[in-house]
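Coordinate analysis (summary)
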Amino acid sequence: MEKVGKRLEIDGSYAVLPGLIIVTFGDVETHTSETHLIRCSRSLDIGKLERSNMIAYRIAKGELDLEEATTLLDNIINEPPTWSPPIVILGYVATSAFVAPLFFNGSWTDCWVSAIFGLCVGILTYISEKLPMFGNVFEMVVTIPIAVITLALHPHVCFAAVAMAAIVIALPGYSLTCSVMELAAKNLISGTVHLVYALIYVLFLAFGIGYGCSIWRLAHPEETINVLGACQESIDPWWTFLILPLATVGFAVVYGARPNQWLPMVVDSAAGYAVYYFVAKYAGSSSVITPSAGAFVLGCGGNLYARLTKRLAFVPIMGGIILLVPGSIGVRGAVHLFDGSNNGSGSEFVFQVLSIALSLTLGLFLANLVIYPTGKKRSVFLGF
C-alpha cells in the first residue's frame, strides 16, 4: 500500500489489524487528514490474493493506470470465491483424512473416520458463515461431539489422530506464525493482536475436546484412557509419496488456491515435510529444531520460486506452513487443562505454542536472509 501510494503521489499512512485496515490520507496544503476504517472479514483466498498483489505490483511499476487497476480490483471483489462450497468441503475431507496418518501416526481406519469428521466440519463451517449466531459457538459445537464419538470408537481408532485431524483446518497455525513474525519485524500492535487471537483460539478448540472427554469420563468412570497418547498402528511410510500431495491439494482448495498454484505448493511442501520427517527421526518431533528446519527449507523454496518466476513467494510457503503446523501445534497440552485428567502438563501449552511459532519464524527469516542477503529488490511482493 505504501509502494502504490508513492507511485500515485498520495500522502498516506496505513495500519493493518486483524479484521480492520486503517487508512489516513493527508493534505499538505490544508494540513488536514482524512481517515477511513475498512472492516474486512478474516478469510483467505490465495488465488485472488496473487492476482491482487500483481495489480499492486504493476501500479507501482507504472504498467497500469488507476482506472484500469480499479476495474480489475472491482472484478476480483465481485467474483465468487475461487472454489464453490461443495469443492471446499471436499478439501476439508481430504485434509482431515490424510493429515491423520501424516502427522499423528494414524492407521487407515483413522484415515477414513477422520474423513467423515472432516466432511461434517466442512458442512458446519459453511453453515457458520451463513449463521453468525452459530459461528459464535462453532468451535465448541464441532469439537465436543468429535471427542465423544471418537472416545466411543476408541478400541478401533486412535483418539489423538482422529480428533486432531478432524479439526486440522481450524488449527490457527497461519495466524500463530504470522503473529510471531510480525512481532519479530517490530509490527507490535498487529503482532500482539494476532498472537492473543491464536492463543485464545487454541483454548477454544482444546476446551471443546476436553469438554467432550469429561462427558465421556462422567458416563464411563470405570474406564481409563490416555486420550492423547501416541498412536500404535501407523501406515507404511512409503504411502507418504501419495498422501502428502493429496493433503497439500486439499489445503490449497480450502484456502482458494488455483490449479496453476498447486504444483509449487506441493513441491515446496514435500521438501519441507521431508526435512521435518528426517530431522524428527534424530532430534524428535517435540524438538524446536524440527519445525525450524522444515520452515527453513520451505522459505528457501518459496523465495527461489519467487526469484525465478517473478510470482508470489507466499503461495508455496503458505501451503507448506499450514501442513507443518498440525504436526507440532500445542493443542494437546491445552486439552489436558479441560479433560479432567489432572495432568499437570496442560499448563505448559502456551510455551509449546510459542516455541513452535518461534521455530517456524526463525526458519523462515533465515531463508529470507540466505536468498535475499541484501534485502528483497522486489519488495512490493507479499511474502513472509
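Because the structure is a prediction, the values reported are computed rather than measured.

Conventions adopted
- Residues numbered from 1 in each chain as written.
- Predicted model: local features only at pLDDT ≥ 70, side-chain atom pairs only at ≥ 80, totals over all residues.
- Heavy atoms only, no water.
- Pairing = 2+ DSSP bridges.
- Helix = DSSP H or I, 4+ residues; strand = E, 2+ residues; numbered from the N terminus.
- Axes fitted to C-alpha atoms, helices over the stretch in contact; angles between N-to-C directions.
- Patch = residues over 30% accessible without salt bridge, like charges linked within 9 Å, V, L, I, M, F, W, Y side chains within 5 Å.
- Areas by Shrake-Rupley, 256 points an atom, 1.4 Å probe, with all protein chains shown as cover.
- Salt bridge = Lys/Arg side-chain N within 4 Å of Asp/Glu carboxyl O.
- Buried < 20%, exposed > 50% of the residue type's maximum accessible area, 1.4 Å probe, protein only.
- Expected span 1.5 Å × (residues − 1).
- Contact = heavy atoms within 4.5 Å.
- Parallel < 35°, antiparallel > 145°, perpendicular 65-115°, else oblique.
- Left-handed = near helix turned anticlockwise from the far one by under 90°.
- Nonpolar A, V, L, I, M, F, W, Y, C, P; charged D, E, K, R; others polar.
- pLDDT = per-residue confidence, 0-100.
- Core = buried A, V, L, I, M, F, W, Y, C linked by side-chain atoms within 4.5 Å.

Re the sheet that holds strand S2 (residues 20–27)
- Here three strands make up an open sheet; going across it, the order is S1-S2-S3 and the pairing antiparallel. The sheet is open, and its two borders are formed by strand S1 (12–17) and strand S3 (32–39), each paired with just one other strand. The mean angle between the axes of side-by-side strands here comes to 15°, regardless of whether they run parallel or antiparallel.
- By the bridge criterion, eight bridges tie S2 to S3 in an arrangement that is antiparallel. Bridge pairing in S3 places Ile22 opposite Leu37.

Observations regarding a nonpolar patch on the surface
- A cluster of nonpolar side chains, contributed by Leu119, Ile123, Tyr126, Ile127 and Leu131, occupies part of the molecular surface with about 400 Å² of accessible area.
- You can see Leu119 is positioned in helix H5 (residues 108–130).
- In this structure Leu119 comes out as partly exposed when scored by relative accessible area, which is 36%.

Notes on helix H2 (residues 46–60)
- For H2, with 15 residues, the first-to-last C-alpha span of 21 Å sits near the 21 Å given by 1.5 Å per residue.
- Turning to H2, its buried residues are Ile46, Gly47, Lys48, Glu50, Asn53, Ile55, Tyr57 and Ile59.
- The inward-facing, buried residues of H2 contact helix H1 (2–7), helix H3 (66–78), helix H12 (259–283) and helix H14 (314–324).
- After H2 finishes, the residue Gly62 shows a positive phi value of roughly 80°.

Let's talk about the packing of helix H7 (residues 138–152) against helix H10 (residues 188–219)
- Between H7 and H10, the least distance of the axes is 7 Å, while the angle of their chain directions is 40°. Our classification of the angle between H7 and H10 gives oblique. Seen from above, H7 lies across H10 with right-handed handedness. From H7, Glu139, Met140, Thr143, Ile144, Ala147, Val148, Leu151 and Ala152 reach across to H10, where they touch Tyr201, Phe204, Leu205, Phe207, Gly208, Ile209, Tyr211, Gly212, Cys213, Ile215 and Trp216.
- Class assignment of the residues belonging to the contact of H7 with H10 gives a composition of 15 nonpolar, three polar and one charged.

Some details on the environment of Ala163
- Within the secondary structure layout, Ala163 lies in helix H8 (residues 159–166).
- We classify Ala163 as buried; its relative accessible area is 1%.
- When the C-alpha atoms of Ala163 and Thr150 are compared, they prove to be 7.0 Å apart, with 13 residues separating the residues in sequence.

With respect to the packing of H12 against helix H13 (residues 289–309)
- It is at 8 Å that the axes of H12 and H13 come closest, and there the two elements cross at 155°. Between H12 and H13, the angle is such that the two are roughly antiparallel. The element H12 and its partner H13 pack so that their crossing is right-handed. Every residue of H13 that contacts H12 at Pro264, Asp268, Ser269, Ala271, Gly272, Val275, Tyr276, Val279, Ala280 and Ala283 is listed here: Ile289, Thr290, Pro291, Ala293, Gly294, Val297, Leu298, Gly301, Gly302 and Tyr305.
- Tallied by class, the residues present in the contact of H12 with H13 amount to 13 nonpolar, six polar and one charged.

Considering the pairing of S2
- As paired elements, S1 and S2 share six bridges and run antiparallel to each other. Across the sheet, Val16 pairs through a bridge with Ile21, a residue of S2.
- Counting the residues in the hairpin turn of S2 and S3 gives four residues, including His31, whose phi is positive at 55°.

Some details on the pattern of salt bridges
- Under the counting rule described, the total for this entry stands at three salt bridges.
- Glu50 is paired through a salt bridge with Arg311; the nearest N and O atoms lie 3.1 Å apart. In this pair, Glu50 is assigned in helix H2 and Arg311 in the loop between H13 and H14, connecting sequence segments 261 residues apart.
- One salt bridge in this structure joins Arg58 and Glu63, with 3.8 Å as the shortest N-O distance.

Quick look at the confidence of the model for the chain
- Per-residue confidence for the chain averages 79 on the pLDDT scale, and 86% of its residues sit at or above 70.
- The low-confidence segment residues 378–384 (pLDDT under 50) makes 30 contacts with residues lying over four places distant or belonging to another chain.

Describing the nonpolar core
- Membership of the largest hydrophobic core comes to 76 residues, with the highest contact counts inside it found for Ile46, Phe103, Ile146, Phe251, Tyr255 and Ile321.
- Counting residues per element, this core draws most heavily on helix H4 (residues 85–104), at eleven residues.
- Discounting chain neighbours no more than four positions away, the residues touching Ile146 are Phe117, Val121, Ala163, Ala166 and Ile167.

A look at the environment of Gly301
- With respect to the element layout, Gly301 can be found in helix H13.
- Once the C-alpha coordinates of Gly301 and Val267 are considered, the two residues, 34 residues apart in sequence, prove to be 8.6 Å apart.

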